[in-house]
Amino acid sequence: MNVLAPAPARTPPARGVLPWAGPPDGPVPPLPAAPPPRAPSPLAALWLPLRLAWRQLRFEKARLFSAIAGVMFACVLVFMQLGFRSALFDSATALLAAFRADIFLMHPMTLVSFRPETMPRARASQALALPEVQAAVPVYLAQATWRNPENGSRRPIQIIGFDLEAGVMDFPGLAPLIERLKRPDSMAFDLRSRPEFGDIARLLRERGPFDAQVGNRHMEVVGLIEIGPSFGADGNVVMSELNFRRAVKERAASAIDLVAIRLLPGADPQAAKRRLAEALPGDVMVLTQPELVAWERRYWEDATPIGFIFMFGSLMGLVVGMVIVYQILFSDIASHLREYATLKAMGYSNLYLGRVVLSAALILAVLGFLPGFAASVVLYDVVGKGTFLPLAMDTERALGVFAMIFAMCAAAGLLAMRKLRDANPADMF
């Protein structure tokens, strides 16, 4: 008789076969905690909004080009206004900056160099009493009429007279002409004067030294120097002190406009300035060369409306550019409001979306600044040749304008970010 063998008993599964398997009659252990999410790197936090902003901007190419044109217009306007303002100050102080002197004496009532108040010539002799003073050179400044040798027209020109051998002037081209300027009734013409005075450089090449009328006197043009026009004078001529008195007969020899003082090597200008101020009467003002240049600059910046006009023009350019960028960004947010709402529903914060808008502003600032900078460099050259003003691009101005353009676009982006409040997923879907 076959006896069926009993079935072997089923063995329970061993503990720990699966990580979450517990004993069959025991509690189920909790799942292991998930690792905390890693924060995005700083580069990713900047790159991802920037990439999203660029894709949004290039989706509407016509709108993108309109924004770039608006930023470029603001950039060119600011560059030109600041360039004119800088050229104003540089041209107004070019004559004073060309002096090779440490200290200057000037009448306290003088407001600007092209309209100086005269002072006694004896002040130059009194300044020589100080042991640290090496030379005290009187300088004469006046304006007279110049008759164009080509067409006979008259135009005011500034005359500068001084002791040519004292070495207080550093005009380009002056040193080779000193001996010829010692001759009676001789003068040197400023090559950078406006063309309304005549093509003096061509006449010198064709004729050599020739006669020209200054005021009521005929004098000989023996060469060319370089100073440059300013808002106070469109042209300049340089001559010796004696020839100045011959050309400007109404000026007494004892009435001078400026005294240029050179100190001995190693002398302290500030200490010498204090000693001169104590020794001289109160009808003169003692200034170092930087203080004299600042005095002239302050007149054009504060006492005339020109500096304010240029700054106001720059501000208006930034306002116009900000309005254009704001309209572009506001329209872009309005047209993509559902997309922004979707991103909010996915968990993106308003801060992240704000970075997208500011990234778009940065892109517009860069894309508008680059062509604006290139156009401004070309315009500087064209306008500088047309006006004979020292218009030149420098790194400091370029960086400053870019900072202003970026701030303009960022301000427009911050204003446009208010539209993101309308991107509510509950209202959109």
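Residues numbered from 1 in each chain as written. Predicted model: local features only at pLDDT ≥ 70, side-chain atom pairs only at ≥ 80, totals over all residues. Heavy atoms only, no water.

A.B. asks: Give me the layout of surface pockets: which residues, what numbers.
C.D. replies: Estimates place the volume of the largest pocket at around 160 Å³. What lines the largest pocket is L48, R51, L52, R55, L343, Y348 and Y352. For the lining of the largest pocket, the leading source of residues is helix α1 (residues 42-59), giving four residues. Taken together, the residues of the lining of the largest pocket break down into five nonpolar, no polar and two charged. (1 Å grid on protein atoms, 1.4 Å probe; cavity = no way out; pocket = protein on both sides within 12 Å on 5 of 7 lines; lining within 4 Å. Points joined across faces, edges and corners; volume = space filled by probe spheres on them. Helix = DSSP H or I, 4+ residues; strand = E, 2+ residues; numbered from the N terminus. Nonpolar A, V, L, I, M, F, W, Y, C, P; charged D, E, K, R; others polar.)

A.B. asks: Tell me about the nonpolar core, residues and numbers included.
C.D. replies: Membership of the largest hydrophobic core comes to 43 residues, with the highest contact counts inside it found for V325, L364, V401, I405, M408 and C409. Of all elements in the fold, only α1, α2 (61-92), α10 (306-335), α11 (337-345), α12 (350-387) and α13 (395-416) reach the threshold of two or more residues within this core. A per-element tally of this core places α2 first, with twelve residues. Ignoring anything within four residues of it in the chain, the contact list for M408 reads V71, A74, L318, G321, M322 and V325. (Core = buried A, V, L, I, M, F, W, Y, C linked by side-chain atoms within 4.5 Å. Buried < 20%, exposed > 50% of the residue type's maximum accessible area, 1.4 Å probe, protein only. Contact = heavy atoms within 4.5 Å.)

A.B. asks: Run through the environment of F373, naming residues and quoting values.
C.D. replies: Of note, F373 is situated in helix α12. Sequence spacing of F373 and V401 is 28 residues, and the spatial spacing of their C-alpha atoms is 9.2 Å.

A.B. asks: Tell me about a positive patch on the surface, and name the residues and values.
C.D. replies: On the surface, a cluster of positive charge is made up of R51, R55, R58 and K61. Sort the elements by how many residues they give to the positive patch and α1 lands first, with three residues. Its location among the elements puts R58 in helix α1. (Patch = residues over 30% accessible without salt bridge, like charges linked within 9 Å, V, L, I, M, F, W, Y side chains within 5 Å. Areas by Shrake-Rupley, 256 points an atom, 1.4 Å probe, with all protein chains shown as cover. Salt bridge = Lys/Arg side-chain N within 4 Å of Asp/Glu carboxyl O. Lys, Arg positive; Asp, Glu negative; His and termini not counted. Charge placed at Lys NZ, Arg CZ, Asp CG, Glu CD.)

A.B. asks: Account for a nonpolar patch on the surface, naming residues and giving values.
C.D. replies: Residues F308, I309, F312, L315, M316, V319 and V323 make up a contiguous nonpolar surface patch of roughly 650 Å² in combined accessible area. With respect to the element layout, V323 can be found in helix α10. Here V323 falls in the partly exposed class, since its relative accessible area comes to 44%.

A.B. asks: Go over the pairing of strand β7 (residues 217-225) with me, naming the residues and quoting the values.
C.D. replies: As defined by bridge partners, strand β5 (residues 186-190) adjoins β7 across five bridges and the pair is classed as parallel. Bridged to M187 within β7 is V221. Bridge count for strand β6 (residues 210-214) against β7 is five bridges, and the pairing is antiparallel. Bridge pairing in β7 links F210 to V221. Between the antiparallel neighbours β6 and β7 lie two residues, among them G215 with a positive phi of about 65°. (Pairing = 2+ DSSP bridges.)

A.B. asks: Break down unusual backbone geometry for me, with residues and values.
C.D. replies: Excluding glycine, residues mostly have negative phi values, and the peptide bonds linking residues are mostly trans. One non-glycine residue, D185, lies in the positive phi region at around 55°. Residue position: D185 is located in the loop between α5 (178-181) and β5.

A.B. asks: Give a detailed account of the pattern of salt bridges, specifying residues and quantitative values.
C.D. replies: Summed over all chains, the structure comprises 19 salt bridges. Beyond isolated ion pairs, a larger network of salt bridges with shared partners links E150, D199, R202 and E206.

Note that all results are geometric; they support no functional claim without further evidence.
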